Amino acid sequence: MPRLSEVIAALETLWPAERAESWDAVGTVTGDPGQEVTRVLFAVDPVQEVVDEAVRLGADLLVTHHPLYLRGTTTVAADTPKGRVVHTLIKNDVALHVAHTNADKADPGVSDALAGALDLRVTGPLVPDPDDPAGRRGLGRVCELDHPLTVRELAERAAERLPATAQGIRVAGDPDAVVRTVAVSGGSGDSLFDRVRAAGVDAFLTADLRHHPASEFAASLGERPLALLDAAHWATEWPWCELAAAELDQISDRHDWGLRVHVSKTVTDPWTAHAASPVTTSPMGAPN
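What counts, and where the lines are drawn
Residues numbered from 1 in each chain as written. Predicted model: local features only at pLDDT ≥ 70, side-chain atom pairs only at ≥ 80, totals over all residues. Heavy atoms only, no water. Helix = DSSP H or I, 4+ residues; strand = E, 2+ residues; numbered from the N terminus. Polar contact = N/O pair within 3.5 Å; in protein donor to acceptor, adjacent residues only side chain to side chain. Contact = heavy atoms within 4.5 Å. Pairing = 2+ DSSP bridges. Axes fitted to C-alpha atoms, helices over the stretch in contact; angles between N-to-C directions. Phe/Tyr/Trp six-rings, centres within 6.5 Å; stacked < 30°, edge-to-face > 60°. Buried < 20%, exposed > 50% of the residue type's maximum accessible area, 1.4 Å probe, protein only.

Participant: Quick question: what am I supposed to make of the side chain of histidine 100 here?
Facilitator: Take histidine 100: it is sitting in the loop between strand 4 (95–98) and helix 4 (101–104). A polar atom in the side chain of histidine 100 sits 2.9 Å from the side chain of aspartate 24. Those residues in contact with histidine 100, other than ones at most four positions away along the chain, are Trp23, Asp24, Val26, His65, His66 and Pro67.

And the structure:
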């Protein structure tokens, strides 16, 4: 049975901490390096519901994509939500390890998993890692479709293949435009608009698109059609949990560790309901 230190060392070969962005907070948050690990749970968010799930499951290690404390803290008191997470983890001997932007950049990484969920063929990173001579690591992915789809059909595929959320998929652009190439980025992607424009793709699927950046990006395109597909942040990153769990399974098999590896299906997207606006074809659809 492996020790936590051995499992973490294996995870670090997949997602080295030094490849994370300088502002990020990755690595091991709680856990005794000498404790034995038999069961591991992967999830997107280190929130109380997921930690409680790890405890019920009997997991010794919880691996999440999002950090617990991204901007630091001065307290882990149990009367704060994140402090209660820390107390629950320690009291139940559950270690917490975070792989965030180092998992985004990995080969395969978060955006590879997103592309795979949508049956897209990856041709390369959207923002290549200059330290990767093979040119496979980096942020986002540029992809091709096996056969052309309309923007509407691509959005319907994303809505069907990604985990269901209240938001679903929002579209900016002509729903009937033809898509052959797609850029994808798990998580918030509007900081990559310049890269998307330079990639010459027909569509960009990501999350957390905001009004002003999206409007300005559309205006910068002129007559060139490029659709934006905006999914829920959690939904675009959840496929990575399955990919990461499979990678750890392979490592466990090679070392004969016998780990039991699980993926949380707890929905931690913060939005819980959606009320669709009435359909109108009038450009004057706003209230008077």
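Following the structure, the description resumes.
Participant: Even after reading the chapter, I still don't get the sheet that holds strand 11 (residues 260–263), so can you show me in this structure?
Facilitator: Across a sheet, paired strands are connected by hydrogen bonds in the backbone, their directions being either parallel or antiparallel. Here 5 strands make up an open sheet; going across it, the order is 1-4-3-2-11 and the pairing mixed. This sheet does not close on itself; its edge strands, each paired only once, are strand 1 (27–30) and strand 11. Each adjacent strand pair in this sheet contributes to an overall mean axis angle of 25°, direction not counted. Two elements, strand 2 (residues 39–43) and strand 11, share 4 bridges in a ladder whose sense is parallel. The partner of arginine 39 across the bridge, within strand 11, is arginine 260. Across the sheet, helix 1 (residues 4–14) touches strand 1, strand 3 (61–64) and strand 4, and the angle it forms with strand 3 is around 20°.

Participant: How should I be thinking about the packing of aromatic side chains in this particular structure?
Facilitator: Two descriptors summarise a pair of aromatic rings, namely the distance from one centre to the other and the angle between the planes of the rings. What the rule picks out here adds up to 4 aromatic pairs. When the ring of phenylalanine 193 is compared with that of phenylalanine 204, the centres are 6.2 Å apart and the planes differ by 75°; the resulting orientation is edge-to-face. Here phenylalanine 193, found in helix 7 (residues 193–199), pairs with phenylalanine 204, found in strand 9 (residues 203–207); they are 11 residues apart in sequence, far enough to count as distant. Classification of phenylalanine 193 as buried rests on a relative accessible area of 6%. With a centroid separation of 4.2 Å and 15° between ring planes, the pair formed by phenylalanine 193 and phenylalanine 217 is classed as stacked. Linking phenylalanine 193 in helix 7 with phenylalanine 217 in helix 8 (residues 211–220), this pair joins segments that are 24 residues apart in sequence. Phenylalanine 217 matches phenylalanine 193 in its accessibility class, with the two residues each being buried. Here a set of aromatic residues connected by ring pairs shows up, and it is made of Trp15, Phe42 and Trp240.

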